[in-house]
Amino acid sequence: MSAPLTIIGSGMAGIGLLRALRALDAERPVTLITADSGDDYSKPLLSTGFAKRLPPERLAARSALRVAEELGAVVRTHTRVDAVDTASRTLAIGEETLPWSELVLATGAAPVTPFPVPETLAGRVFTINDLDDYRAFHAALASLGRPGRIAIVGAGLVGCEFANDLLAGGHEVSLVAPEAAPLPRLLPPPLGRALGGAFEAAGMALALGGGVRAIETAGADVAVALDDDSHLEADLVLVATGLRPRTALAQAAGLSVSAAGIHTDRLLATSAPGVHALGDVACVDGVSAMYVQPLQAGAKALARTLTGTPTPVGYGPWPVVVKTPLLPVVALPPTHPPARWRVEGESGDLTALAESEDGRLIGFALTGACVRRKVELARAAPPLLG
Ligand SMILES: Cc1cc2nc3c(=O)[nH]c(=O)nc-3n(C[C@H](O)[C@H](O)[C@H](O)COP(=O)(O)OP(=O)(O)OC[C@H]3O[C@@H](n4cnc5c(N)ncnc54)[C@H](O)[C@@H]3O)c2cc1C
C-alpha cells in the first residue's frame, strides 16, 4: 500500500484541510497525527465559553473518532511527532517510523510565557490555547466553588477576550499588561483607551503600563509581582502573552523557518519537496496571519494543490472581529506603520483610519456602533496577500 498523505496537527488548519481534501478526493489514504485530543472544535469559541457557562464537551463539534469515521482518515490522538526526515519521507514517533507520501505541517502556535512560573503553581497558572487547556482551566475554576478572582496577564486579543468573557461569567477580573491601553497591536491608543474604559466601567480592574516580573505564591493566593514591586493577588492566573509558531519540527528537519513561521510560497510549499505548511505555523510569502479566514483560504487552496490543481492562496482585506461585547471591536491593522491615524467619533463609538503618506487607506480600527462600517471600509482596503 502506498504511504499516506500525512497531516500533523488537528487544529482548524489540520482538520479544515482534511475536510477540504475529502470534498475533492474521497479515496486517498490520509493519516492525521495530533498531540492533543483530536476533537474538532472552533478555537475562537474558547474565549466565549465562560460567559455562557459552557462545559468543555459543549465546545467540541465532534470527537476524534467521529472525525476519523466521517472524513475517512486514520487519526492518531495524544501522539507527538518527534522528528521528520524529508530525504526518506518518514517521521518518527518515539521508536516508531512512519512513511508519508506528502506531509502537511499544521502544528499551530504555542503560548509564550516571558517570566518564570514555579512548578508548584502549575494548577493555578494557565494558558488557554486549545480545548485541553480550556478543560484544565474550567476544572480549576469549578473547584473554587465560587466566582474566582482571576488575574489575566496580557491585553492582546486573547487576553482581552478572556477578560471580557470571564467578567461576564461573574468572575472578578484584573487585566495586567505593560502597554498603556488594551489591544496595542490592533488599535491606536484612543480606541484602546475606549476599550479600557468600557472594561473599567463594567467593574474590571486594569493594571496597565507595567510589566510582570514573576508569578509567586502568597499564602493561599497566587501573586502577580509587577515591575514596580507591587503585587496583585488572585485565585488563578491566566497568561495571554502571545503565541509563537511551533517551528521546532520543521527547523530540525532543515526547512527554512524564522520567528514568523515556516516559510512557504503561495502554494504553501515549504523549502523541502513534498512538505507543505498551513495555519498559524505558516509564514506565507512573508505574511504570518494567525487567524481563521487565512487558514480556511489556505486549506481550500492546498486541498486543490494536493489533488493535482496547483492553486496559490490569496488573503483578502479581512478584518479581525474581537469578541469583547462590552465594547465591540473590529480591526484591520496596517501591514506597515501608517503615516497617520485619522480618528473620528465620540465616547466609545470611534473610527480610526490608517493612511499612507499619499492618503491611501491601508488599515482601520472601529469600536462601538462604528463596527458597522466594517464591510464598507474593508472594500476600500488593500488585501493582506494580494
Ligand atoms: C482564545 C482564542 C480566540 C481566538 N479567536 C479568534 C477569532 O475570533 N477569529 C479568528 O480569526 N481567530 C481567532 N483566534 C486564532 C485562531 O483560532 C487560530 O488562528 C487557529 O485556531 C489556528 O489553528 P491551527 O490549526 O493553525 O493551530 P492549532 O489550533 O494551534 O493546532 C495545532 C495542532 O498541532 C498539534 N501539534 C503541534 N505540534 C505537534 C507535534 N509535534 N506532533 C503532533 N501534533 C502536534 C497540536 O496538538 C494541535 O492539534 C483565536 C485564538 C485563540 C487562542
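The residue count restarts for each chain, going from 1 along the sequence in the order it is written. Where local features are concerned, this predicted model is filtered to residues with pLDDT of at least 70; where side-chain atom pairs are given and counted, the filter is 80 or more; whole-chain, interface and lining totals use all residues.

1. A word on the overall build of the protein chain
Counting its secondary structure elements, the protein chain contains 8 helices and 28 strands. Taken over the C-alpha trace, the protein chain has a radius of gyration of 22 Å; the compact-globule value for 386 residues is 21 Å, and the two agree within 12%. C-alpha extents for the protein chain along the principal axes are approximately 65 × 55 × 35 Å. With 386 residues in all, the protein chain has 43% of them scored as buried. Under the DSSP-based scheme used, a helix requires at least four consecutive residues in state H or I and a strand at least two consecutive residues in state E, with every element numbered from the N terminus. What the globule rule says is 2.2 Å times the number of residues to the power 0.38, and the radius of gyration is computed from C-alpha atoms. Buried residues are those with 20 or more other C-beta atoms within 10 Å of their own C-beta, exposed residues have 12 or fewer, and partly exposed residues lie in between; C-beta atoms are placed from the backbone.

2. Some details on the nonpolar core
By definition, a nonpolar core groups buried Ala, Val, Leu, Ile, Met, Phe, Trp, Tyr and Cys residues that are joined through C-beta atoms within 7 Å. Counting 64 residues, the largest nonpolar core has I152, A163, L195, V237 and L238 as the members making the most contacts within it. Top contributing element to this core by residue count: helix α4 (residues 157-168), with 7 residues. The next biggest cluster of nonpolar side chains, apart from the first, holds 46 residues, and it includes L32, A106, A250 and V257.

3. Overview of the site of the ligand
Only the C-beta atom, placed from the backbone, is used; a residue is near a molecule or strand if that atom lies within 6 Å of it. As a structural note, the neighbourhood of the ligand is formed by 34 residues, with G9, G11, A13, G108 and G279 the closest of them. Domain delimitation in this document rests on an assignment produced automatically or drawn from a domain database. In this structure, the shell around the ligand is formed jointly by two domains, domain 1 (5-110 + 243-306) and domain 2 (113-239), each of which donates at least three residues.

4. Topic: the environment of H263
Checked against the element boundaries, H263 lands in strand β21 (residues 261-264). Among the residues examined, H263 registers 21 C-beta atoms within 10 Å and is labelled buried. For H263 and C283, which are 20 residues apart along the polypeptide, the C-alpha to C-alpha distance reads 5.0 Å. Not counting residues within four places of it along the chain, the set of residues in contact with H263 comprises S256, V257, S258, T270, S271 and C283. A residue pair is marked as a contact if its C-beta atoms, positioned from the backbone, fall within 7 Å.

5. Observations regarding the domain arrangement of the protein chain
Looking at the protein chain, the domain boundaries give domain 1 (5-110 + 243-306), domain 2 (113-239) and domain 3 (328-380). The straight-line distance from the C-alpha centre of domain 1 to that of domain 3 is 33 Å.

6. Some remarks on α4
Spanning 12 residues, α4 covers 16 Å between terminal C-alpha atoms, matching the ideal 16 Å at 1.5 Å per step. The buried fraction of α4 amounts to 11 of the 12 residues, a majority that puts the element mostly inside the structure. Taken as a whole, α4 has its buried residues at L157, V158, G159, C160, E161, F162, A163, N164, D165, L166 and L167. Contacts made by the buried residues of α4 are with β12 (149-153), β13 (172-177), α5 (189-201), β18 (236-239) and β24 (320-322). Following α4 by one or two positions, G170 has its phi on the positive side, about 95 degrees. The span expected for a helix works out to 1.5 Å for each residue beyond the first.

7. Looking at the packing of helix α1 (residues 12-24) against helix α7 (residues 292-306)
Fitting a line to C-alpha atoms yields each axis, with helices limited to the stretch in contact; the angle taken between N-to-C directions then spans 0 to 180 degrees. Relative to each other, α1 and α7 sit at 40 degrees, their axes nearing to 8 Å. Overall, the two elements α1 and α7 adopt an arrangement that is oblique. Judged by the sense of rotation from one axis to the other, the crossing of α1 with α7 is right-handed. In this structure, α1 contributes M12, A13, G16, L17, A20, L21 and L24 to the contact, and α7 contributes V292, L295, Q296, A299, K300, L302, A303, R304 and L306. Angles are sorted into four bins: roughly parallel if under 35 degrees, roughly antiparallel if over 145, roughly perpendicular if 65 to 115, and oblique for all others. Crossing chirality is assigned from the near helix's rotation relative to the far helix, an anticlockwise turn below a right angle marking it left-handed and a clockwise turn marking it right-handed.

8. Examining the sheet that holds strand β6 (residues 83-85)
If you trace the 3 strands from one edge of the open sheet to the other, you get β6-β7-β8, paired in antiparallel fashion. The open sheet is flanked by β6 and β8 (96-99), the only strands paired with a single partner. Sheet twist, expressed as the mean angle between neighbouring strand axes with direction ignored, is 25 degrees. Note on pairing: DSSP must find at least two bridges between two strands before they are called paired. Taken together, the 4 bridges between strand β7 (residues 90-93) and β8 define a ladder with antiparallel strand orientation.

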